[in-house]
Amino acid sequence: MSQNPPALFAAREPIFPRRVSGTFRRLKWLILFVTLGIYYVTPWLRWDRGPNLPDQAVLVDLANRRFHFFWIEIWPHEFYFVAGLLIMAGLGLFLFTSALGRVWCGYACPQTVWSDLFMTVERWIEGDRNARIRLHKAPWDVRKWRLRLSKWALWLAIAVATGGAWVFYFADAPTLARDLITLDAAPVAYVTIGVLTATTFVFGGFMREQVCIYMCPWPRIQGAMMDPGTLTVGYRDWRGEPRGKGGVKRQQAAAEAIGRGDAVARYGVAVDKNAAGTRQARTGEALGDCIDCHACVAVCPMGIDIREGQQMECITCALCIDACDDVMARIGRPRGLIDYLALDDRPPTVPGDRAAVAGLAEAPAGHVAGATQPAWQPKPLWQHVFRPRTLVYTCAWAAIGVLLVVALFVRPEIDMTIAPVRNPTFVTLSDGSIRNAYDVRLRNKHGEARQFQLSLVADGDLRLMLEGGPGRSVEVPADATRLQRVYVIAPPQDPAATGQRSDLRFWVEDTVSGERAYGDTIFNGKDSADARHANAG
Amino acid sequence: MTDTRKIDPATNTETTGHSWDGIEELNTPLPRWWLWTFYATIVWGVIYTILYPAWPLVPGATAGLLGYSTRAEVAAEIERVALSNADLERRLTSVDLTALQDDEPLHRFAVQAGRSVFAANCSQCHGAGAGGVVASGYPNLLDDDWLWGGSIDDIAYTVRHGIRNEEDPDTRFSEMPPFDWMDRSEQDAIAHFVRSLSDLAHDPVAADTGAGLFADNCSSCHGEAGQGDRTLGAPNLADAIWLRGSSHEAILRQLGTPRMGVMPAWQARLGEADVRAVAAYVHGLGGGEATAADPSAPAPAPASTAAPAPAPAAADDPAR
Ligand code: SF4
Ligand code: SF4
């Protein structure tokens, strides 16, 4: 160890992830294309809502405080839908994390997706790992400048497109696109694009894993949501250790080994297409399956060695699995030395006890020969995914989802809220009758103006009157809220007028569609003031 | 020093030497970009305090090189709004108030402006909700009882010149003389009679006596039937609204030592446009009356004739 105290601040260690191909890499490509595709295409989908409403399928209309999502329209007072979706997103995160670890980080997180895209560009321009390391060390000559500048230019183009796509969710996309080009768009659009361009460029191009490790809270939170039964990317040290270079000592168990079935094919200790056997170093000591080729380290975008055990930095992107599976295939070993595995799912041996693990290899072989049960069988994958914990999450998640869908279908197209005017609570008129005032908000969610008829249900002889005219109906413009002051008058001797408070129900009816809605409120009588004073006293 | 250093065997990283519940903290260096970011925020902070008002001094704060000031921004904003309203305001000062409702944008502007004028100048006496204060005799502006008339022109006149405001020659003036020279029994009789006018509990025999006394002494202002006279500002004694209370004692008090409210004249202070605006607002509160001269006006049913709907303005605001 160095005798000097460690530096307080450390420079980022550059990471040059190598290209890799395999199942998980293909899955990542697929998710990358799908998510980016959704992100870029969505604002351009059109949806005909009639003449007065925007034609954009997904639109966050901040100016009019509306959220349009295909046929669904969310008004500000229906924010509980958004709250419900957020709760579902939270529970979904619990569910996926407890079943499959940090799959969000590895596959769907924008930071991962854009970093991946930027790395692809980097590899395309500067070459794969070794070429990039050479370029990194090379002096800044013309070639290096050329490569770097073209890489940065491409990055910048992607970053601008990223920020540019975002603003289209908040305004009519074709109009905004034209305005952006002719420099007529609102300053906030340019500022948003600028900020998102800068963050995408810096985070995706230069900071990458630093964002995940130092800036993002999810790794800490998600780590806390995992348990030993969670499937996460790990290294089967009991199979791989001791690692080292060496040859395979062939044995005669080939046929039986292959016959051992799925569990061994997946977790097999010593299975080969042609022959089974244990590896041996030249010195003769027994070796595990890891040939210490560092392929898993070279491909890791986080720059870690998964063989050291689970680490906070690991985003479970599974690229190391692809890399190692490739190596295993080439040396004639079963895949899965690095794999999605649960920490509690390992043979009951002392880690690194080669003899015990080797003994394990014997047992299943004997099983095939019809002798004994295998000493240890890994749990099937589905048992890791479907556990009580994940089932509870799924039920809660689904329950909220069902509630939201039901709420979506039962919510009325017209809507009313009533606020009694409390200053003053009532007014005495010259003939002695008592008048209460109410602020009634009428919401018309239709695409055209509607006539709303108001009526009143109450005990006694109460009279309803609208401010502004003798009629009982109000026109509410298309897709708008109208505030209407309403008076209710009780004749002098009516119990409602002389009492404290009585119940009242307003009905509103859409004269075109016949839809109705009601709201309950109270009528304050003469005594309400005295009662209040009495209570206060 | 080297002796005290501890290395964590699993990570080969030095620990800080602090231990909590047996867990020791690794002494991992911070990333350098973090340090740069920290320096950048310091530089940003210094530049910001130079450009913008920042450092508190005894008489104020440093002004900043950009000369930025929120106060100036507000002033500019007010000026901008005033400029954009100048036309509406000019029209408001000349429009015929009874026809105001026909000019929708102007009417909306007047009611909105009147709302703030009322909140700033009138609510102290008449209450924020314009419900008045019975205990102090500040009239309720929401009901349908008006001492001096409840048409929009009447209201505007009252606001303009005030009531019993001696500095304004055009002010409205009424005076209830004290009847303390009467016998106590006569005063009682009048009070019983007055209460009988609006069907309140009373002694019919005394009220009979009171009727004669009322006809002799009170009817010149309050009318034969006690219905008041708006041209004189004499209150209607036959309705259910009592500015200073309807109890026998309250009526006696008003008879012996009458109290009469004073309202300032707002013309000079508010200017014509604001006077008209607040008149439009008050008229729309639910008690306003149509102009008496207007034959097409419906019967004075409360609220139905007045009450320009503030709703169209609200329709522009979907969040509400
Ligand atoms: S890729 Fe597999 S074999 Fe190579 S070092 Fe990693 S774990 Fe060992
Ligand atoms: S160790 Fe690296 S490559 Fe493997 S899953 Fe974790 S982050 Fe991905």
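Residues numbered from 1 in each chain as written. Chains lettered and ligands numbered in written order. Predicted model: local features only at pLDDT ≥ 70, side-chain atom pairs only at ≥ 80, totals over all residues. Heavy atoms only, no water.

Residue and element names in this part refer to chain B. Leu-92, Leu-100, Leu-106, Phe-118, Val-159, Val-278 and Val-282 are the most contacted members of the largest nonpolar core, which has 41 residues in total. No other element matches the eight residues that helix α3 (residues 104–126) contributes to this core. Here Leu-92 is in contact with Leu-100, Leu-106, Phe-109, Ala-110, Ala-273, Arg-276 and Ala-277, once residues within four sequence places are set aside. (Core = buried A, V, L, I, M, F, W, Y, C linked by side-chain atoms within 4.5 Å. Buried < 20%, exposed > 50% of the residue type's maximum accessible area, 1.4 Å probe, protein only. Helix = DSSP H or I, 4+ residues; strand = E, 2+ residues; numbered from the N terminus. Contact = heavy atoms within 4.5 Å.)

Here the focus is the packing of helix α4 (residues 110–126) of chain A against helix α8 (residues 187–207) of chain A. Residue and element names in this part refer to chain A. Interhelical geometry of α4 versus α8 gives an angle of 70° and a closest axis separation of 8 Å. The orientation of α4 with respect to α8, classified from their angle, is roughly perpendicular. In contact with Gln-111, Trp-114, Ser-115 and Phe-118 of α4, α8 contributes Thr-200, Phe-201, Phe-203, Gly-204 and Gly-205. For the contact of α4 with α8, the per-class residue count stands at four nonpolar, five polar and no charged. (Axes fitted to C-alpha atoms, helices over the stretch in contact; angles between N-to-C directions. Parallel < 35°, antiparallel > 145°, perpendicular 65-115°, else oblique. Nonpolar A, V, L, I, M, F, W, Y, C, P; charged D, E, K, R; others polar.)

On to the pairing of strand β16 (residues 480–490) of chain A, then. All names here are of chain A. For β16, the buried fraction is high: ten of the eleven residues fall into the buried class. Relative to β16, strand β12 (residues 434–444) runs antiparallel, the two sharing eleven bridges. By the bridge assignment for β16, Asp-439 is matched with Arg-485. With four bridges joining them, strand β14 (residues 463–466) and β16 adopt antiparallel strand pairing. (Pairing = 2+ DSSP bridges.)

With that settled, consider the site of ligand 1. All names here are of chain A. Near ligand 1, the surroundings consist of Tyr-235, Cys-290, Ile-291, Asp-292, Cys-293, His-294, Ala-295, Cys-296, Arg-307, Cys-324, Met-328 and Ile-338. Cavity membership is defined here by more than half of the atoms lying within 2 Å of grid points; on that basis ligand 1 lies in the second largest cavity. Of all the elements in the fold, those that place two or more residues in the shell around ligand 1 are α14 (295–299) and α15 (319–331). Of the residues contributing to the shell around ligand 1, the split by class is nine nonpolar, one polar and two charged. (Near = heavy atom within 4 Å. 1 Å grid on protein atoms, 1.4 Å probe; cavity = no way out; pocket = protein on both sides within 12 Å on 5 of 7 lines; lining within 4 Å. Sits in = over half its atoms within 2 Å of the grid points.)

A separate point is the UniProt feature "binding site: heme c 2" (unreviewed entry) in chain B. Residue and element names in this part refer to chain B. As recorded in UniProt, the feature "binding site: heme c 2" (unreviewed entry) lies at Met-176, Cys-218, Cys-221 and His-222. Spanning 47 residues, the named residues form one tight spatial group whose C-alpha atoms are at most 10.2 Å apart. Mapped onto the elements, Met-176 comes out in the loop between α4 (152–161) and α5 (184–197). For Met-176, a relative accessible area of 22% corresponds to the partly exposed category. Excluding its chain neighbours within four sequence positions, the residues that come into contact with Met-176 are His-222, Gln-254, Leu-255, Pro-258 and Met-260. Along the chain, His-222 falls in helix α7 (residues 219–222). Residue contacts for His-222: discarding those within four places in its chain leaves Met-176, Phe-214, Gln-227, Gly-228, Ala-234, Pro-235 and Leu-237. (UniProt positions renumbered as here; feature names shortened; annotations may be inferred.)

This part takes up the site of ligand 2. Near ligand 2 the following residues occur: Val233(A), Cys300(A), Pro301(A), Met302(A), Ile304(A), Ile306(A), Cys314(A), Ile315(A), Thr316(A), Cys317(A), Ala318(A) and Cys320(A). Among the residues making up the shell around ligand 2, the classes are represented as eleven nonpolar, one polar and no charged.

Turning next to the environment of Leu32(A). All names here are of chain A. Mapped onto the secondary structure, Leu-32 falls in helix α1 (residues 23–41). Since its relative accessible area comes to 3%, Leu-32 is described here as buried. Along the chain, Leu-32 and Ala-108 lie 76 residues apart, while their C-alpha atoms are 7.6 Å from each other. Each residue touching Leu-32, except ones within four places of it in the same chain, is listed here: Gly-37, Val-113, Asp-116 and Leu-117.

Residues and elements named next belong to chain B. Under the criterion given, the structure shown has zero disulfides over all chains. Unpaired in terms of disulfides, Cys-221 finds its nearest cysteine sulfur in Cys-218, a separation of 8.7 Å. Looking at Cys-221, the relative accessible area reads 35%, which means it is partly exposed. (Disulfide = S-S within 2.5 Å.)

What follows concerns empty space enclosed by the protein. Residue and element names in this part refer to chain A. Within the structure shown, the criterion is met by four cavities of 30 Å³ or more. Of the voids in this model, the second largest cavity is the one considered here, and its volume is about 80 Å³. If you list the elements that add at least two residues to the lining of the second largest cavity, you get α14 and α15. Broken down by element, the residue count for the lining of the second largest cavity peaks at three residues, all from α15. (Points joined across faces, edges and corners; volume = space filled by probe spheres on them.)

Here the focus is the sheet that holds strand β2 (residues 58–61) of chain A. Residues and elements named next belong to chain A. Ordered in space as β2-β3-β4, the three strands form an open sheet in which the pairing is antiparallel. Both edges of this open sheet fall to β2 and β4 (72–74), since each of them pairs with a single strand only. Neighbouring strand axes in the sheet, compared pairwise and without regard to direction, differ in orientation by 10° on average. As judged from the three bridges shared by strand β3 (residues 66–69) and β4, these two strands associate in the antiparallel manner. The residue of β4 that forms the bridge with His-68 is Glu-73.

Before going further, it helps to spend a moment on the UniProt feature "transmembrane region" (unreviewed entry) in chain A. Residue and element names in this part refer to chain A. UniProt marks residues 27–45, 79–96, 152–169, 189–207 and 391–410 with the feature "transmembrane region" (unreviewed entry), using the numbering shown here. Along residues 152–169, the helical share is 89% and the strand share 0%, with 27 Å between the first and last C-alpha atoms. Span residues 391–410 is 100% helix and 0% strand, its end C-alpha atoms 28 Å apart.

A separate point is α15(A). All names here are of chain A. Given a rise of 1.5 Å per residue, 13 residues ought to cover 18 Å, and the 19 Å separating the end C-alpha atoms of α15 matches this to within 8%. Within α15, burial applies to Leu-319, Cys-320, Ile-321, Asp-322, Ala-323, Cys-324, Asp-325, Val-327 and Met-328. Turning to α15, the residues buried within the fold contact α1, β5 (231–235), α11 (237–240), α14 and β9 (338–342). Looking one or two residues past α15, Gly-332 carries a phi angle of roughly 75°, positive in sign. (Expected span 1.5 Å × (residues − 1).)

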